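Geometric and topological summary
The residues making up each chain are set out below.
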Amino acid sequence: MTNDDKKKAFIRAVNNMQDAENRWKERAEIGLTDEQLSQALRYELGIAGGSGGRDALSIAYEGSGLKIWAGWQNINPYMDQPIFEGQKTVKMARIVFGIADPSDKQMALF
């Protein structure tokens, strides 16, 4: 999987709930601490879910552990390693949605 594939899988996983795109825009405007961002990701990922299809990227995700799996073949969350998990998922959300951490003193300089 390419980095672009991983980014697409991430975006699909965290935008699976109605109006998620607007919530991410609001969160980017106000900024979130790591704990707040983790809670937001757990909400958007939900208990568990996934999607896939012929000639489509297969994804699975779960809020517990902030885990996202993806691949071009069938994926098995019980056997396969997630492409994002925990803090790695939080980091990706900051990159993709441009969410600053208001508690980061270094960011306050800019």
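Our subject is the structure that appears above.
Let me begin by describing the structure that accompanies this report. Bear in mind that the values here come from a model prediction, so they are computed numbers and not experimental data.

**A closer look at the overall build of the protein**
From N to C terminus, the protein includes four helices and three strands. In the protein, the succession of helices and strands from N to C terminus is α-α-α-β-β-β-α. For 110 residues, the compact-globule estimate of 2.2 N^0.38 gives 13 Å, and the protein sits close to it at 14 Å. Seen along its three principal axes, the alpha-carbon backbone of the protein occupies a region of about 45 × 25 × 25 Å. In the protein, which comprises 110 residues, the proportion classed as buried is 35%. Long-range pairs, those at least 24 residues apart, make up 48% of the contacts in the protein with a sequence separation of at least 6. For the protein, the accessible surface area stands at approximately 7,000 Å², while carbon and sulfur atoms represent 50% of it. The averaged location of the 15 negative side-chain charges in the protein is 3 Å from the averaged location of its 14 positive side-chain charges.

**Let's talk about the side chain of R23**
Topologically, R23 is positioned in helix α2 (residues 20-30). Excluding residues within four positions of it along the chain, R23 makes contact with M17, Q18, Y43 and E44.

**A short note on the pattern of salt bridges**
A full pass over the atoms with the stated rule returns eight salt bridges. With its nearest N and O atoms 3.7 Å apart, the salt bridge here joins K25 to E21. With K25 and E21 both in helix α2, this residue pair falls four residues apart, about one helical turn. Between E44 and R27 there is a salt bridge, with its nearest N and O atoms 3.0 Å apart. Remark: R27 occurs in helix α2 and E44 occurs in helix α3 (residues 34-45); sequence separation between them is 17 residues.

**Thoughts on the environment of I30**
Its location among the elements puts I30 in helix α2. For the pair I30 and P102, spaced 72 residues apart in the sequence, the C-alpha separation amounts to 8.3 Å.

Quick notes on the rules
- Residues numbered from 1 in each chain as written.
- Predicted model: local features only at pLDDT ≥ 70, side-chain atom pairs only at ≥ 80, totals over all residues.
- Heavy atoms only, no water.
- Helix = DSSP H or I, 4+ residues; strand = E, 2+ residues; numbered from the N terminus.
- Rg over C-alpha atoms; globule rule 2.2 N^0.38 Å.
- Buried < 20%, exposed > 50% of the residue type's maximum accessible area, 1.4 Å probe, protein only.
- Contact = heavy atoms within 4.5 Å.
- Areas by Shrake-Rupley, 256 points an atom, 1.4 Å probe, with all protein chains shown as cover.
- Lys, Arg positive; Asp, Glu negative; His and termini not counted.
- Charge placed at Lys NZ, Arg CZ, Asp CG, Glu CD.
- Salt bridge = Lys/Arg side-chain N within 4 Å of Asp/Glu carboxyl O.

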